[in-house]
Amino acid sequence: MIKAVLMTRRGPVGMLLTAVVLAMPVACTSSADGGDASASCVFLVHYRNQEYQDLANVDFEVGGRLGPASLPSCNDTPNDNGDGDTASTPTTAYAVEGLDPAIGIAVGDDPGDARFVAVRSGTGIPPEVEKMIRGS
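From a predicted model like this one, the values you see are computed outputs, not experimental measurements.

What counts and how
- Residues numbered from 1 in each chain as written.
- Predicted model: local features only at pLDDT ≥ 70, side-chain atom pairs only at ≥ 80, totals over all residues.
- Heavy atoms only, no water.
- Helix = DSSP H or I, 4+ residues; strand = E, 2+ residues; numbered from the N terminus.
- Buried < 20%, exposed > 50% of the residue type's maximum accessible area, 1.4 Å probe, protein only.
- Salt bridge = Lys/Arg side-chain N within 4 Å of Asp/Glu carboxyl O.
- Contact = heavy atoms within 4.5 Å.
- Polar contact = N/O pair within 3.5 Å; in protein donor to acceptor, adjacent residues only side chain to side chain.

Undergrad: I tried to follow the environment of Val42 on my own but got confused; where do I start?
TA: Looking at where Val42 falls in the secondary structure, it is placed in the loop between β3 (36–41) and β4 (44–47). By relative accessible area, which is 16% here, Val42 ends up buried. In this structure the C-alpha to C-alpha distance between Val42 and Gln53, which are eleven residues apart in sequence, comes to 7.6 Å.

If you want it as structure tokens, here you go:
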């Protein structure tokens, strides 16, 4: 098994930031600085007809390979290919030890660089994932 850990703020502030990230809509945001536009997108994953979003500060162990997943395009750069649409990027989904894949998975090109993502929910962070967040 490979132990993967993402580092961010700890404690209540980190949990609040995590909750805010989960509540963000699926969209690109942009801002203008001196006439130049910059954009950033929420990290989303599609796996078996579910949408997952990354969550920081989670201790997890990568399990076995589940199969293909995809990272939808952000389309944060207009006219990328003439019509502004870009294709999704394929990736691999991995199980997370002790967690139902319907709640959370790990994604990446290989288990060593896998990133934790949890199912998107309007009700917040699933209780099973709350237990995995450091400091909770």
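More follows now that the structure is in view.
Undergrad: Looking at this structure, I do not really get the pattern of salt bridges. What am I missing?
TA: Any two side chains of opposite charge can pair if their charged atoms end up close together. Counted according to the given criterion, the structure contains two salt bridges. Across the pair Arg120 and Glu51 runs a salt bridge, and its minimum N-O distance is 3.1 Å. Taken as a pair, Arg120 in the loop between β9 (115–119) and α2 (127–130) and Glu51 in strand β5 (residues 50–54) lie far apart in primary sequence, 69 residues in all. Its relative accessible area of 24% is what places Arg120 among the partly exposed residues. Among the ionic pairs, Arg115 bridges to Asp54, the shortest N-O distance being 2.7 Å.

Undergrad: Help me understand the environment of Thr91, please; the structure alone is not making it clear to me.
TA: Turning to its location among the elements, Thr91 is positioned in strand β7 (residues 89–96). A sequence separation of 20 residues divides Thr91 from Leu71, and the C-alpha atoms of the two residues are 7.1 Å apart. In this structure, Thr91 is in contact with Gly67, Pro68, Ala69, Ser70, Leu71, Val107, Gly108 and Asp109, ignoring residues within four places of it in sequence. Engagement of the side chain of Thr91 in a polar contact is seen with the backbone nitrogen of Gly108, the distance being 3.4 Å.

By themselves, these are just geometric observations and shouldn't be taken as functional.
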